[in-house]
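# Structural features, examined
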Amino acid sequence: MNRGKSYDDKVFCIADLEANALGRLPRATADYINGGSMLHETLRANNEAYDRYVFVPRYFKDVRKVDTTTVCLGKKVAFPVGISPSAMHSLCHQDAEVATARAAAERGINMILSTYTNTPVDVVAGELGGMALGQQLSKVLDEGINQSIIDNAEAAGASALFVTVDCPWLGRRLGDYRNSFAPPTDMPFPSFPTDVDIHNLSTADQRIAYDADLSWEKVRALKGRTKMQIWLKGILSPIDAAMAVEAGVDGILVSNHGGRQLDGAISTLEALPAIVEAVAGRVPVHIDGGIRRGSDIFKALALGAQHVWLGRTVLWGLAYKGQAGVKLVLDTLYDEFQLVMALNGCATVAEIGPHLLARRHLDGSVVPLLLSREARL
Ligand SMILES: Cc1cc2nc3c(=O)[nH]c(=O)nc-3n(C[C@H](O)[C@H](O)[C@H](O)COP(=O)(O)O)c2cc1C
Ligand SMILES: CC(C)CC(=O)C(=O)O
């Protein structure tokens, strides 16, 4: 039954939103947000991977009530979705990360703040209404800068540090080269000392050059530098995943930076199953990249992720209508996810599993992931 839910006069799904949002931004900003590196192979692959899985729904289940809630970073969240870190929310809306955090609080989900935030971490924490805050760390050469990001996040009550591992060098974003993209010179970057010129992203200032020698020793050492949980964001190999667990990390976020770093890298959904197997339940495994529909969230969970995070969709919402636009994104995905759960016969998130998926192969065959004798009934 169509319950006549009205989202907005123009936006009924995330694809509608993307089209509406991008037209509101200067071309170079829209390209910066939507672009990936080189020829966008990985960017496309992140989306297309979801289409290779189809549902094998179960019926004869009581789905009069569908409970989408789950736990992430120790908080009960409305559904297994959070906001991935992305730089410079003020490119999209004047209320920047404050608008994003307020929408996350309204919808009851967690948020990870970028190193390149335009809003100080304590201000963002204050807008999250008790939901969990993660601090993303792009580890730079100046250890004083790294430590102040860590200390400020911890003081603001952040519960986890997400160390981005896929960016020892910045990817070649050809759109940004062609547009000579650079943030406005008056844009604030409160994670960095004011005398650091961050506006030119290819700055020669060695203090903020990426640490291109991140090692397992440094990951272990980070554990001694903060009480926050340590997560690694950008893991794609099951070998790195297993080593991360051995190094004592608290969680893994499978990510390829939204196709903005190594073009040709495996899509995150394709990377997920081997990582889940390597980790074997020892720490939580989360994923981002290409989540555009409630069905994508369901598929990621069915393949073993406990939680998904959103990048560009949030920025589109922000560009569209600030806080209300981000809330629209979250409400849309929430309602889609709940419906996909109901139509697959799942009344709780715990019932989502690989028995509800089949994989469409390149030769056109469609193969269920589990045969009936293996399926969890
Ligand atoms: C405009 C933009 C800025 C980003 N900035 C950061 C960042 O500062 N740190 C980081 O770890 N990842 C960053 N990311 C990557 C996201 O955290 C996330 O991994 C990716 O966007 C997920 O893919 P999706 O956009 O398809 O959802 C950024 C992504 C975008 C689109
Ligand atoms: C280059 C940074 C400022 C942000 C980032 O990680 C990104 O744009 O993907």
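These numbers were taken from a predicted model, which means no experiment stands behind them. (Residues numbered from 1 in each chain as written. Chains lettered and ligands numbered in written order. Predicted model: local features only at pLDDT ≥ 70, side-chain atom pairs only at ≥ 80, totals over all residues. Heavy atoms only, no water.)

Take the site of ligand 1 next. Near ligand 1 there are 22 residues, and of these P85, S114, T164, D288 and R292 occur at the shortest range. Within the side chain of Q136, one N or O atom sits 3.3 Å away from a nitrogen atom of ligand 1. R292 is positioned with one of its side-chain polar atoms (N or O) 2.8 Å from an oxygen atom of ligand 1. If ligand 1 stood free it would expose 600 Å²; the protein chains cover 98% of that surface. When residues of the shell around ligand 1 are traced back to their parent elements, those giving at least two are α2 (27-34) and α12 (312-343). When its residues are assigned to classes, the shell around ligand 1 shows six nonpolar, 11 polar and five charged. (Near = heavy atom within 4 Å. Polar contact = N/O pair within 3.5 Å; in protein donor to acceptor, adjacent residues only side chain to side chain. Areas by Shrake-Rupley, 256 points an atom, 1.4 Å probe, with all protein chains shown as cover. Helix = DSSP H or I, 4+ residues; strand = E, 2+ residues; numbered from the N terminus. Nonpolar A, V, L, I, M, F, W, Y, C, P; charged D, E, K, R; others polar.)

Sequence positions flagged by UniProt for "active site" (unreviewed entry) are, in local numbering, H257. In contact with H257, other than residues within four places in its own chain, are T164, D166, C167 and R173. Side-chain polar atoms of H257 contact the side chain of D166, separated by 2.8 Å. (UniProt positions renumbered as here; feature names shortened; annotations may be inferred. Contact = heavy atoms within 4.5 Å.)

Next up on the list: the site of ligand 2. As a structural note, the neighbourhood of ligand 2 is formed by Y32, A87, Y116, L170, R173, Y210, H257 and R260. Take H257: an N or O atom from its side chain is 2.8 Å from an oxygen atom of ligand 2. In this structure, an oxygen atom belonging to ligand 2 sits 2.8 Å away from a side-chain N or O atom of R260. Considering ligand 2 on its own, with 280 Å² of exposed area, one finds that the protein chains cover 90% of that surface. Partitioning the shell around ligand 2 into residue classes produces five nonpolar, one polar and two charged.

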